[in-house]
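# Remarks on the overall topology
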Amino acid sequence: MKKLLLPFIMLFCMLFTACDKDDILPGGPMIWSYEILTPENVEHIGSAGGWVSEYHFKGNSKEGDIVMTCENFDVLNPISGDSYTYDCGWAVLKLEANRLKIHFPPCISDVPEVYKGIKISANDGKRKALAIICLYRTFKDEQP
């Protein structure tokens, strides 16, 4: 009888201590592709891998556009709160499904350069991931 009881107790304990399937586990990094629609005014200045990927772009004072596509998540979470649009005055970001559209409107400023890091996250019920899009903007006409 003890030989049968022990396996049933073990099975009972395993069933009730198993992981909750609603827990979201950290996934790999977000994988992005990007297209710079105005290469004369915007440039990609670098990327960094790891669990939180980073992409760095620099624009000048003229108008510019970038379209980024997340390759491993179908839908991105709102940027802040429940908003799918972010406007910092000198750049506008808009999320559409797995795409991030970045627009640099024409801008004049008294400061020579500005910077903003925007966190973009995604989860699919099993995994979650985070990326940081780093935007720099110079207000000199010499180079992007």
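Residues numbered from 1 in each chain as written. Predicted model: local features only at pLDDT ≥ 70, side-chain atom pairs only at ≥ 80, totals over all residues. Heavy atoms only, no water.

The next thing to look at is the packing of aromatic side chains. This model, assessed by the stated rule, comprises 3 aromatic pairs. Measuring from centroid to centroid gives 5.3 Å for Tyr34 and Phe57, while their planes differ by 80 degrees, and the two rings are edge-to-face. Taken together, the residues span a long stretch of sequence, with Tyr34 in strand β2 (residues 32-36) and Phe57 in strand β4 (residues 52-59) at a distance of 23 residues. Between the aromatic rings of Trp90 and Phe104, the centroid separation amounts to 6.5 Å while the plane-to-plane angle is 10 degrees, which identifies the pairing as stacked. One end of the pair, Trp90, is in the loop between β6 (85-87) and β7 (92-96); the other, Phe104, is in strand β8 (residues 99-104), with 14 residues separating them in the sequence. This pair shows no difference in class: Trp90 is buried, exactly as Phe104 is. When the ring centre of Phe73 is taken as reference, the NZ or CZ atom of Arg127 above it lies at 4.3 Å. (Phe/Tyr/Trp six-rings, centres within 6.5 Å; stacked < 30°, edge-to-face > 60°. Helix = DSSP H or I, 4+ residues; strand = E, 2+ residues; numbered from the N terminus. Buried < 20%, exposed > 50% of the residue type's maximum accessible area, 1.4 Å probe, protein only. Lys NZ or Arg CZ within 6 Å of the ring centre and 35° of its normal.)

This brings us to the sheet that holds β2. In space, the 5 strands of this open sheet follow the order β2-β5-β8-β7-β6, with antiparallel pairing throughout. What marks the edges here is a single partner per strand, and that holds for β2 and β6. Sheet twist, expressed as the mean angle between neighbouring strand axes with direction ignored, is 15 degrees. In this structure, β2 lies alongside strand β5 (residues 64-70), joined through 5 bridges in antiparallel fashion. The residue bridging Ile36 from the neighbouring strand is Ile66, located in β5. (Pairing = 2+ DSSP bridges. Axes fitted to C-alpha atoms, helices over the stretch in contact; angles between N-to-C directions.)

This brings us to the nonpolar core. Proteins that are soluble and globular tend to have nonpolar side chains buried together. Formed by 28 residues in total, the largest nonpolar core has its most connected members in Met30, Trp32, Ile120 and Leu135. Going through the elements one at a time, β4, β5, β7, β8, β9 (113-123) and β10 (127-138) are the ones with two or more residues in this core. Apart from residues lying up to four places away in sequence, Leu135 is in contact with Phe57, Trp90, Ala91, Leu93, Ile102, Phe104, Val114, Tyr115, Lys116 and Ile118. (Core = buried A, V, L, I, M, F, W, Y, C linked by side-chain atoms within 4.5 Å. Contact = heavy atoms within 4.5 Å.)

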